[in-house]
Amino acid sequence: MSSSIRVYATRKPVRAYRPAAPRTATLFMLVCRSPKAVVGLLILATIAAAATMAPHLAPYPVTEMHPSDRFAPPGGKYALGTDFFGRDLLSRVLFGYRTSLLVAVMSVGFALVCGSALGMSAGYIGGALDTTLMRAMDILFAFPVLLLAITIVVVLGAGTLTTVLAIGIVYVPIFARIARAPTLVVREHAYVEAARALGQRTLRVIARHVLPNISTPIFVQATINLATAILFESALSFLGLGTQPPYPSLGLMVSEGRNYIELSPWPTVFPGLAIVLAVLSFNLVGDALQEILDPRLRQTWVSS
Amino acid sequence: MLRFARNDNSEMQRYLAQRLLLLIPVLFVISLLVFSLMHLIPGDPAQAILGFENTDPAQLAAVRRDLGLDRPVYVQYARWLGRLLTGNLGTSVRTGRPITTLVAEALPFTIELAVYSIALAVLIGIPVGTLAGTTSSRWADAGMQTLTLLGLSLPAFWVGAMFILLFSVYLRWFPVLTYTALLDAPLANLRGFFLPALTLAIPNAAAIARMVRASLVSVRREEYVKVARAKGLSEWRVVRAHMLKNALIPVVTLIGIVAGYLLGGAIVVEQVFAIPGVGRLGLQAIVQRDYPVLQAVVLVVTALFVLVNLLVDLIYVFLDPRIRYA
């Protein structure tokens, strides 16, 4: 009895209440127990490390041509062989991973920040703002994703940064919806009302009390979208609308290799396998997280 | 199910009318957005038509007048929209042909590709999902789960290239890049479209299989399934008549979502297999800076996407009358 009075007396801030999300330590244990998550994380860690260390690991400079070694098969001097210009495929795949991961992380980061902010504001403040924002999101949703991204790229001009923006914008409505729904629930909880009653500003209530309680689904969605963002980036590059040559991008490598596929399949095979490996590991982790955090949550998987 | 639908007939009709009316503002906003986006593209369309070496201001002004580019933007939009409503999508600045004809020639290829690949996705996805959802072997389930996850991780353009390499170049089972009209030679056509349709179907088959499995797992312990077993029905009958029937309702929605996305995914597959569909038309328009064509493609595909989604919503309500027309 007395302790509760003391809380009021010292105006100790109301602690954010986390109903469903397991604590970090528990979550870590659960992840360790899921073979899918462990395998996925191990592959991801390897890929991320290789991409970061690419300048040190790559046996040859990415754009260096070896005219006498065109279409070298895998093994020997070049671990994965060479392409039409005699460029080392391993080096190009390593640098291609850099582009893929960079674009994926930046675009999903952009969508996560903008989308969650929009979704939480819409859900928390409600009224006309909610209606306007969510109708705008509906309109964005009305476009097929790849087509919308292509249109944005055409307007802004092809390039790596444009790819980030295009994918980011396409993903914003997804995060807005994911953030809005639980915000509507959390808004009505007693601890949010208490925080409001204590005179906390809207922004502070959202950041301190709403955000921590809705972060789980956003987190899971981000993992899944990292997987699709890699596919997305490679598709745009494949169509010639993403990263521009001579910079290596996995999609662009498949596109270039395809023209000589009857002469040598390796320049097409390896970059594609590299994409599959990265996307699969993100999907493994995302799938495991979904099972751990909310077995009832059913994600509609749509690849681009 | 039909009994429910009949009871709710007037409500259903009202819902249908409401949804159809709602289409008008949605399509209007989409047209506005597409028009504005195309106007944001840097560069002068008149200059693009004349060629960049021609800088005669008089000729440039003449072309601009012809295209109506000298009028205010809202007038341009109104004229474009007016023509649109009469089915006139404008003229290609590269070939001079009416865009409506170009789209009408390309659209059947894209639609066939989409329908074919949905059929394949359903034919592969539902059996795989049913096996995974009803097997008592944890390993078989885990194996199929991993396989479907792999299916979701494959880039379509790469799978397409690998298919061409394996089946057309090495094994010579399928012809390379020849497409005949469906009605001229149905069998040759279905053969030619098999690899592109399969490429497009793989991730969707995986998504459908996962959905079917999840649905089956969730109804496995329902009372009515236990009752059906207790009645002594064969396992196959329990699965087919009692579990799948209920489990397939969310799958219908998924198939709808997938159908919409196929229209976008077709862009990549058409490019890989050189199919002269709408996606390829749009990509060529980008390369040739034929922006009226690109504008028409974006508009037509998006309108189709919206219509498919509406259709799916309606089917969903019809299948499960418990869902109120929210």
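Rules used throughout
- Residues numbered from 1 in each chain as written.
- Chains lettered and ligands numbered in written order.
- Predicted model: local features only at pLDDT ≥ 70, side-chain atom pairs only at ≥ 80, totals over all residues.
- Helix = DSSP H or I, 4+ residues; strand = E, 2+ residues; numbered from the N terminus.
- Buried ≥ 20, exposed ≤ 12 C-beta atoms within 10 Å, placed from the backbone.
- Contact = placed C-beta atoms within 7 Å.
- Nonpolar A, V, L, I, M, F, W, Y, C, P; charged D, E, K, R; others polar.
- Expected span 1.5 Å × (residues − 1).
- Core = buried A, V, L, I, M, F, W, Y, C linked by C-beta atoms within 7 Å.
- pLDDT = per-residue confidence, 0-100.
- Axes fitted to C-alpha atoms, helices over the stretch in contact; angles between N-to-C directions.
- Left-handed = near helix turned anticlockwise from the far one by under 90°.
- Parallel < 35°, antiparallel > 145°, perpendicular 65-115°, else oblique.

Peer 1: Whenever I open this one, the overall build of chain B confuses me. Can you help?
Peer 2: Counting its regular elements, chain B contains 13 helices and zero strands. In chain B, which comprises 326 residues, the proportion classed as buried is 35%. Pairs at least 24 apart in sequence give 72% of the contacts found in chain B among residues at least 6 apart.

Peer 1: Looking at this structure, I do not really get the overall build of chain A. What am I missing?
Peer 2: The secondary structure content of chain A amounts to twelve helices and zero strands. Reading the helices (α) and strands (β) of chain A from amino to carboxyl end gives α-α-α-α-α-α-α-α-α-α-α-α. Residues counted as buried form 46% of the 304 residues belonging to chain A. A separation of at least 24 residues holds for 71% of the contacts in chain A among residues at least 6 apart in sequence.

Peer 1: Can you help me understand the interface of chain A and chain B in this one?
Peer 2: Accessible area lost upon the coming together of the parts is a frequently used measure of interface size. The partner chain B presents 41 residues to the 36 residues of chain A that form the contact. When grouped by side-chain class, the residues that make up the side of chain A that touches chain B number 24 nonpolar, eight polar and four charged.

Peer 1: Honestly, helix H5 (residues 73-85) of chain B in this entry has me stumped. Any pointers?
Peer 2: Since there are 3.6 residues in each turn of an α-helix, residues three or four apart along the chain are aligned in direction. Taking 1.5 Å per residue, 13 residues should reach 18 Å; H5(B) reaches 18 Å between its end C-alpha atoms and fits that length. Just beyond H5(B), the residue with positive phi is B:Gly87, at close to 85 degrees.

Peer 1: Explain the environment of B:Leu84 to me, please; I cannot follow it from the model alone.
Peer 2: All names here are of chain B. Inspection of the secondary structure puts leucine 84 in helix H5. On the basis of neighbour count, leucine 84 is assigned to the partly exposed category, with 17 C-beta atoms found within 10 Å. Distance from leucine 84 to valine 34, taken between C-alpha atoms, is 13 Å for residues 50 residues apart in sequence.

Peer 1: Help me understand the nonpolar core, please; the structure alone is not making it clear to me.
Peer 2: Nonpolar side chains tend to gather and get buried jointly when the protein is soluble and globular. Counting 159 residues, the largest nonpolar core has A:Ala149, B:Leu113, B:Ile208 and B:Val297 as the members making the most contacts within it. Here the element with the most residues in this core is helix H11 (residues 235-273) of chain B; it accounts for 19 residues. Ignoring sequence-local partners within four residues, the contact set of B:Val297 consists of B:Val103, B:Val278, B:Leu281, B:Gly282 and B:Ala285.

Peer 1: Teacher, can you tell me more about the confidence of the model for chain A here?
Peer 2: Residues and elements named next belong to chain A. Per-residue confidence for chain A gives a mean pLDDT of 82; residues scoring 70 or more make up 88%. Within chain A, helix H1 (residues 2-10) has the poorest average pLDDT of any element, 40, and helix H5 (residues 89-125) the best, 92. Of the regions scoring below 50 in pLDDT, residues 1-19 engages in twelve contacts with residues more than four places distant in sequence or in other chains.

Peer 1: Is there a simple way to think about unusual backbone geometry in this case?
Peer 2: Peptide bonds are, in most cases, trans, and in most cases residues other than glycine have a negative phi. Residues and elements named next belong to chain B. Positive phi is not limited to glycine here, since alanine 274 has a value of about 50 degrees. Position of alanine 274 among the secondary structure elements: in the loop between H11 and helix H12 (278-287). In this structure alanine 274 comes out as partly exposed when scored by C-beta crowding, with 13 C-beta atoms within 10 Å. Here the phi dihedral of arginine 289 falls at roughly 55 degrees; this positive angle occurs in a residue that is not glycine. Assignment of secondary structure puts arginine 289 in the loop between H12 and helix H13 (291-319).

Peer 1: I'm lost on the packing of H5(A) against helix H6 (residues 127-141) of chain A in this one. Help?
Peer 2: Axis angle and axis distance: for two packed helices, these are the angle between their axes and the distance between the axes, and together they describe the pair. Residue and element names in this part refer to chain A. The N-to-C vectors of H5 and H6 enclose an angle of 145 degrees; their axes lie 7 Å apart at closest approach. As for how H5 packs across H6, the hand of that crossing is left-handed. Between H5, through Leu118, Ser121, Ala122, Gly123 and Ile125, and H6, the contact on the second element is made entirely by Gly127, Leu129, Asp130, Leu133 and Met134. In terms of residue class, the contact of H5 with H6 is built from six nonpolar, three polar and one charged.

Peer 1: What is the right way to read the confidence of the model for chain B from this model?
Peer 2: Segments scoring low in pLDDT should not have their predicted coordinates read at a detailed level. Residues and elements named next belong to chain B. Put simply, chain B has an average pLDDT of 81, and 90% of its residues get 70 or more. Within the model, pLDDT remains below 50 along residues 1-7, and this stretch shows five contacts once partners closer than five positions in the same chain are excluded. Listed scores for the predicted complex are pTM 0.83 and ipTM 0.82.

Peer 1: Honestly, the packing of helix H3 (residues 35-52) of chain A against H5(A) in this entry has me stumped. Any pointers?
Peer 2: Residues and elements named next belong to chain A. The geometry of H3 relative to H5 is characterised by a closest axis approach of 8 Å and an angle of 105 degrees between their N-to-C directions. The angle between the axes of H3 and H5 places the two elements in the roughly perpendicular class. Contacts between H3 and H5 pair Ile47, Ala48, Ala50 and Ala51 from the former with Leu94, Tyr97, Arg98 and Leu101 from the latter. A per-class count over the contact of H3 with H5 returns seven nonpolar, no polar and one charged.

Peer 1: Help me out: how do you make sense of the environment of B:Leu23 in this one?
Peer 2: Residues and elements named next belong to chain B. Topologically, leucine 23 is positioned in helix H2 (residues 9-40). We classify leucine 23 as partly exposed; it has 13 C-beta atoms within 10 Å. On a C-alpha basis, the gap between leucine 23 and tyrosine 224 in space is 40 Å, while along the polypeptide they are 201 residues apart. Those residues in contact with leucine 23, other than ones at most four positions away along the chain, are Val306 and Leu310.

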